[in-house]
Amino acid sequence: MSRSSAPTPTVVFFLHLPRTAGTTLARVIERQYSSQATLPLYDSSTGEELGKASAERLDGLRAVVGHFYFGAHRFLPKPSPYVTVPRDPVDRVISHYWFVRGDRTHYLHEAACRMSLSDYVISCDHAEPNNDQTRLLCGEYHGSIPDKCTDEMLPVARKHLREHCAVVGLTEDFDRSLIVMKRVLGWSTPFYARQNVTARRPRKPDLSDETLAVIRAYNRLDIELYRDASALLREQVTAQGESFERELRAFKRLNALVAPGHRIMAAVDHLRWRA
């Protein structure tokens with residue numbers, strides 16, 4: 001096949017929803033496509049940096065990862081499917097709160113340190129961390145990046161999830177999500193070790209019913225979106241056929257054996273990405 005008739009390479013956009021095991025997946029993606037072919041956009045809003053990238057950089061690009069809002073694909077002429085991994089919204093908010101308390105550089109650090117979890121959620125109203133997943137997956141709304149999330153943004157986020165995501169995973173079903181990505185995107189076996197995990201934080205059973213009710217009330221849209229994501233993952237797994245569960249079981253056994261080595265690789269990757 002001549003160069004002119006060769007298919008245009010796909011660029012995978014990983015929309016990394018904060019506090020969803022996305023750091024672990026970002027490293028998996030980098031190993032699948034190489035660091036040279038992966039562009040991290042963690043200080044971006046909508047991926048506008050892509051519009052300024054050189055033709056040479058774009059020609060070799062295979063993956064973009066970051067906390068950007070949905071819509072970054074518009075800067076590329078190449079086919080650009082998304083992958084994303086939503087998380088149970090209550091667990092995500094708990095993780096966010098304790099992560100922010102431990103990060104002195106975060107703009108919400110002082111607020112999180114002086115408030116209880118429920119007071120923190122109430123004080124943030126419909127802004128970060130509440131309904132973050134809906135807001136990011138909605139992207140620009142009426143021509144601008146929204147500070148707060150509204151009911152009208154949920155149908156848009158749902159549409160993007162179903163129509164633009166090649167794979168929708170779940171943090172709570174991470175291994176199954178990875179094997180779907182392997183099959184759909186043509187990856188090699190995606191071995192990994194967990195990264196950026198907030199240790200020694202309370203879990204849902206440790207919290208009062210009142211605190212849980214507050215989190216659910218302020219993350220109602222993300223709860224609805226998470227139901228959609230769960231249904232989409234079930235559909236994707238069903239479409240893979242009977243051999244899927246056998247491959248998943250084998251992957252879990254093998255990953256448990258190689259995970260110690262990947263923890264060392266992950267530490268090296270972390271230091272390099274921070275440099």
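Details of the structure are given in the entry above.
Predicted, not measured: the structure shown is a model, and the values here were computed from it. (Residues numbered from 1 in each chain as written. Predicted model: local features only at pLDDT ≥ 70, side-chain atom pairs only at ≥ 80, totals over all residues. Heavy atoms only, no water.)

Caption draft 1: Structural detail: the packing of helix α1 (residues 22-33) against helix α8 (residues 174-185). Direction vectors running N to C along α1 and α8 enclose 25°, while the axes themselves pass 12 Å from each other. For the element pair α1 / α8, the angle class is roughly parallel. Crossing angle aside, the handedness with which α1 passes α8 is right-handed. Contacts from T24, L25, V28 and Y33 of α1 reach α8 at F174, L178, M181 and L185. Class assignment for the residues of the contact of α1 with α8 results in seven nonpolar, one polar and no charged. (Axes fitted to C-alpha atoms, helices over the stretch in contact; angles between N-to-C directions. Helix = DSSP H or I, 4+ residues; strand = E, 2+ residues; numbered from the N terminus. Parallel < 35°, antiparallel > 145°, perpendicular 65-115°, else oblique. Left-handed = near helix turned anticlockwise from the far one by under 90°. Contact = heavy atoms within 4.5 Å. Nonpolar A, V, L, I, M, F, W, Y, C, P; charged D, E, K, R; others polar.)

Caption draft 2: Structural view of the sheet that holds strand β3 (residues 63-66). The strand order across the open sheet formed by five strands is β2-β3-β1-β4-β5, and the pairing between neighbours is parallel. With one partner strand each, in any of the chains shown, β2 (38-40) and β5 (165-168) form the two edges of the open sheet. This sheet shows a mean twist of 20° between the axes of neighbouring strands, independent of strand direction. Relative to β5, strand β4 (residues 82-84) runs parallel, the two sharing three bridges. (Pairing = 2+ DSSP bridges.)

Caption draft 3: Representation of the side chain of T84. In this fold, T84 is placed in strand β4. Of the residues examined, T84 reaches a relative accessible area of 0% and is grouped as buried. Contact partners of T84, with chain neighbours within four places excluded, come to F14, L15, L17, L137, L161, C165, V167, V168 and G169. (Buried < 20%, exposed > 50% of the residue type's maximum accessible area, 1.4 Å probe, protein only.)

Caption draft 4: A look at the packing of helix α3 (residues 89-101) against helix α9 (residues 209-218). Following both chains from N to C, one finds α3 and α9 inclined at 105°, their axes separated by 10 Å at the closest point. Comparing their axes, α9 and α3 come out roughly perpendicular. Along the contact surface, α3 presents V90, V93 and I94, while α9 presents L212, I215 and R216. When grouped by side-chain class, the residues that make up the contact of α3 with α9 number five nonpolar, no polar and one charged.

Caption draft 5: Quick look at the environment of P89. Note that P89 resides in helix α3. For P89, a relative accessible area of 3% puts it in the buried group. Separated by 133 residues in sequence, P89 and D222 have C-alpha atoms that sit 6.0 Å apart. Once residues lying within four places of it in the same chain are set aside, the contact partners of P89 are Q133, N219, D222, I223 and Y226.

Caption draft 6: Region of the structure containing the nonpolar core. Ranked by internal contacts, the top residues of the largest apolar core, which has 58 residues, are F13, L25, I29, L50, V64 and L178. Of the residues forming this core, the biggest block, seven residues, is contributed by helix α10 (residues 220-239). When near neighbours in sequence (up to four residues on either side) are disregarded, L50 contacts F13, L39, L41, L58, L61, V64, A72, F75 and L76. Formed by 15 residues, the second largest nonpolar core is a distinct cluster that contains V93, V121, C124 and I215. (Core = buried A, V, L, I, M, F, W, Y, C linked by side-chain atoms within 4.5 Å.)

Caption draft 7: Quick look at α10. The terminal C-alpha atoms of α10, which comprises 20 residues, lie 29 Å apart, in line with the 28 Å expected from a rise of 1.5 Å per residue. Listing the buried residues of α10 in full gives L221, D222, L225, Y226, A229, S230, L232, L233, Q236 and V237. (Expected span 1.5 Å × (residues − 1).)

Caption draft 8: Geometry of the pairing of strand β1 (residues 12-15). Alternating positions in β1 separate into two faces, V12 and F14 on one and F13 and L15 on the other, with burial throughout. When β1 meets β3, the two strands line up parallel, connected through four bridges. Within β3, the position partnered with L15 by the bridge is G66. Relative to β4, β1 runs parallel, the two sharing three bridges. Paired with L15 across the bridge in β4 is T84.

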